[in-house]
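Observations on chain architecture
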Amino acid sequence: MAKITLKGNPFKTVGKLPKVGKKAPKFSLIGADLSKSKLKDFAGSKVVLNVFPSLDTDTCAASVRKFNEEAGKLENTKVLCISRDLPFAQARFCGAEGLENVITLSDFAKGKFGKAYGLTIENGPLANLHSRAIIIIDEKGDVIYTEQVPEIVDEPNYEAALKAL
């Protein structure tokens, strides 16, 4: 379990992030058009998983905006922004913000992605949502970078994540 905080109050996740050097766990998530997206759909590309509790928070929205800005500059890289928000809400946010360089995916139905990646918050007011984390997967499906953001209201270390690419 990872220990994280929300404004200094401690909480736990159900597990730990996948280990660097290991294969990324498979996943199936729901896109804005309600189609399923799986990890294997992105084979051959580097994949940035920008995971967060909800687009309805300033920090989460800022991370999607920042990665949208950077994604346009990245070669052979897909940026997936993942939360338990409904796909409609994700699509509405990106449409209103004019964000076209990231792919939003939802784990709303059963939260299997969050459990497989050790991201589901176990207790507290955000229980069952995902913690804030960055996971980068290379073209072969291996995890090459992870960051579990220890304080939920803080943004991830964009510079370190982008450098890992």
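The structure reproduced in this document is the subject of the present report. All values derive from a computational prediction rather than experimental measurement.

Here we come to a positive patch on the surface. On the surface, a cluster of positive charge is contributed by Lys-26, Lys-36, Lys-38, Lys-40, Lys-110, Lys-112 and Lys-115. When contributions to the positive patch are tallied by element, the ones reaching two or more residues are strand S4 (36–38) and helix H3 (112–116). Looking at the element boundaries, Lys-38 is found in strand S4.

Let's shift gears to the environment of Asn-9. Inspection of the secondary structure puts Asn-9 in strand S2 (residues 9–12). In the structure, Asn-9 is positioned 115 residues away from Gly-124 in sequence and 8.9 Å away in space, judged by C-alpha atoms.

Turning to the pairing of strand S9 (residues 143–148), a few remarks are in order. When strand S8 (residues 133–137) meets S9, the two strands line up antiparallel, connected through 5 bridges. Along S9, the bridge assignment pairs Ile-136 with Tyr-145. Linking S8 back to S9 in an antiparallel pair, the connection comprises 5 residues, with Gly-141 at a positive phi of about 90°.

Here the focus is the nonpolar core. By size, the foremost hydrophobic cluster in this structure holds 19 residues, and its most contacted members are Leu-49, Phe-113 and Tyr-117. Put simply, the parts of the chain that give this core at least two residues each are strand S5 (46–51), strand S6 (77–83) and S8. Grouped together as the second largest cluster of nonpolar side chains are 18 residues, Ala-61, Val-102, Ile-134 and Tyr-158 included.

What follows covers helix H1 (residues 58–71). Spanning 14 residues, H1 covers 20 Å between terminal C-alpha atoms, matching the ideal 20 Å at 1.5 Å per step. Of all the residues in H1, the buried ones are Thr-59, Cys-60, Ala-61, Ser-63, Val-64, Phe-67, Asn-68, Glu-70 and Ala-71.

In any sheet, the strands associate via hydrogen bonds between backbone groups, in a parallel or an antiparallel arrangement. Judged by pairing direction, the sheet is mixed, and its 7 strands sit side by side in the order S4-S3-S7-S6-S5-S8-S9 without closing on themselves. On the outer flanks of this sheet lie S4 and S9, each paired with one strand and no other. Strand after strand, the sheet turns through a mean of 30° between neighbouring axes, direction not considered. As paired elements, strand S3 (residues 28–31) and strand S7 (residues 103–106) share 2 bridges and run antiparallel to each other. Bridge pairing in S7 links Ile-30 to Ser-106. The strands touched by H1 are S5, S6 and S8; relative to S5, the strand with the most contacts, the crossing angle is about 165°.

About the criteria used
- Residues numbered from 1 in each chain as written.
- Predicted model: local features only at pLDDT ≥ 70, side-chain atom pairs only at ≥ 80, totals over all residues.
- Heavy atoms only, no water.
- Patch = residues over 30% accessible without salt bridge, like charges linked within 9 Å, V, L, I, M, F, W, Y side chains within 5 Å.
- Areas by Shrake-Rupley, 256 points an atom, 1.4 Å probe, with all protein chains shown as cover.
- Salt bridge = Lys/Arg side-chain N within 4 Å of Asp/Glu carboxyl O.
- Lys, Arg positive; Asp, Glu negative; His and termini not counted.
- Charge placed at Lys NZ, Arg CZ, Asp CG, Glu CD.
- Helix = DSSP H or I, 4+ residues; strand = E, 2+ residues; numbered from the N terminus.
- Pairing = 2+ DSSP bridges.
- Core = buried A, V, L, I, M, F, W, Y, C linked by side-chain atoms within 4.5 Å.
- Buried < 20%, exposed > 50% of the residue type's maximum accessible area, 1.4 Å probe, protein only.
- Expected span 1.5 Å × (residues − 1).
- Axes fitted to C-alpha atoms, helices over the stretch in contact; angles between N-to-C directions.
- Contact = heavy atoms within 4.5 Å.

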